[in-house]
Amino acid sequence: MLLLTATATACGAGDQEKTSAQSSPSNVAATVAGVVAPAKVEVIADLTGCKVKIRTEADELREGVCHTKKGDYLITTFPAEKYKLTWLDAAAVYGGKYLVGTRWVVSAKPGLLEQLRPQLGGNIQQLQGVGPTPGPSAS
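In this report, the structure presented in the accompanying data block is examined. Owing to the predicted nature of the structure, the values given are computational and were not obtained by experimental measurement.

Calculation notes
Residues numbered from 1 in each chain as written. Predicted model: local features only at pLDDT ≥ 70, side-chain atom pairs only at ≥ 80, totals over all residues. Heavy atoms only, no water. Patch = residues over 30% accessible without salt bridge, like charges linked within 9 Å, V, L, I, M, F, W, Y side chains within 5 Å. Areas by Shrake-Rupley, 256 points an atom, 1.4 Å probe, with all protein chains shown as cover. Salt bridge = Lys/Arg side-chain N within 4 Å of Asp/Glu carboxyl O. Helix = DSSP H or I, 4+ residues; strand = E, 2+ residues; numbered from the N terminus. Buried < 20%, exposed > 50% of the residue type's maximum accessible area, 1.4 Å probe, protein only. Pairing = 2+ DSSP bridges. Axes fitted to C-alpha atoms, helices over the stretch in contact; angles between N-to-C directions. Contact = heavy atoms within 4.5 Å.

With respect to a nonpolar patch on the surface
Here's step 1: Residues Val 93, Tyr 94 and Val 130 make up a contiguous nonpolar surface patch of about 370 Å² in total accessible area.
Here's step 2: As for its placement among the helices and strands, Tyr 94 is situated in the loop between α5 (81-91) and β4 (96-101).
Here's step 3: On the accessibility criterion, Tyr 94 (70% relative accessible area) is exposed.

Notes on the pairing of strand β1 (residues 53-57)
Here's step 1: Taken across its five residues, β1 has zero buried, putting it largely on the surface.
Here's step 2: Pairing analysis gives four bridges linking β1 to strand β2 (residues 62-67), with the strands arranged antiparallel. Residue Glu 57 lies in a different strand from β2, and its bridge partner there is Arg 62.
Here's step 3: Between β1 and β2, which follow one another and run antiparallel, lie four residues.

A closer look at the sheet that holds β4
Here's step 1: Across the sheet, which stays open at both edges, the six strands sit in the order β1-β2-β3-β5-β4-β6 with antiparallel pairing between neighbours. Looking at strand neighbours, the two that pair on one side only are β1 and β6 (123-127), the edges of this open sheet. Adjacent strand axes in the sheet meet at a mean angle of 25° when their direction is disregarded.
Here's step 2: Of the strand pairs in this sheet, β4 and β6 are connected by five bridges, and their pairing is antiparallel. Bridging from a neighbouring strand, Leu 99 pairs with Ile 124 of β6.
Here's step 3: Contacts between α5 and the sheet are confined to β3 (72-77), β4, β5 (104-107) and β6, with β4 contributing the most and set at about 175° to the helix.
Here's step 4: Sitting on the sheet, helix α6 (residues 110-120) touches β3, β4, β5 and β6, and the angle it makes with β4 is about 10°.

Considering the pattern of salt bridges
Here's step 1: Under the defined criterion, the tally for this structure stands at four salt bridges.
Here's step 2: Note that Arg 62 and Glu 42 form a salt bridge whose closest N and O atoms lie 2.9 Å from each other. Separated by 20 residues along the polypeptide, Arg 62 in strand β2 and Glu 42 in helix α4 (residues 41-47) bring together distant segments of the chain.
Here's step 3: Taking relative accessible area as the criterion, Arg 62 reaches 18% and is therefore assigned buried.
Here's step 4: Within this structure, Glu 42, Glu 57 and Arg 62 form a network of salt bridges that share partners.

Quick notes on the environment of Leu 113
Here's step 1: Summarising the element assignment, Leu 113 is placed in helix α6.
Here's step 2: For Leu 113 and Leu 99, which are 14 residues apart along the polypeptide, the C-alpha to C-alpha distance reads 6.1 Å.
Here's step 3: If we ignore the near neighbours within four places in the chain, the residues touching Leu 113 are Lys 97, Tyr 98, Leu 99, Val 106, Ser 107, Ala 108 and Ile 124.

Given below as structure tokens:
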């Protein structure tokens with residue numbers, strides 16, 4: 001229903017708005033992602049040009065793996081925001097950067113997250129790891 005509303009609104013925009021949307025396809029993709037991304041791993045994967053392989057199907061989350069020329073990444077979606085927040089709390093133990101949106105998270109190398117962000121929207125979040133910092137190695 002939301003997608004239909006967004007489409008109808010986009011069709012009724014003035015010529016100036018249509019021109020700016022056409023000149024910036026990544027902004028359009030991010031806008032669409034904001035409307036539909038919470039729904040399915042497959043939708044997010046499609047926005048990034050990936051044919052996803054679902055690896056986890058649970059009540060709290062769905063997770064899919066993407067293997068692309070740009071790199072590999074995981075897409076995780078959640079049925080409610082509270083599950084995403086719990087997942088991020090658990091992931092904080094490992095640290096790292098994640099691309100985070102409404103009810104979804106993409107896990108990848110930081111450079112790839114930067115490339116995916118214009119297509120998906122969201123924010124890149126740095127999670128702090130727990131435990132001792134690595135010391136110099138003995139040779």
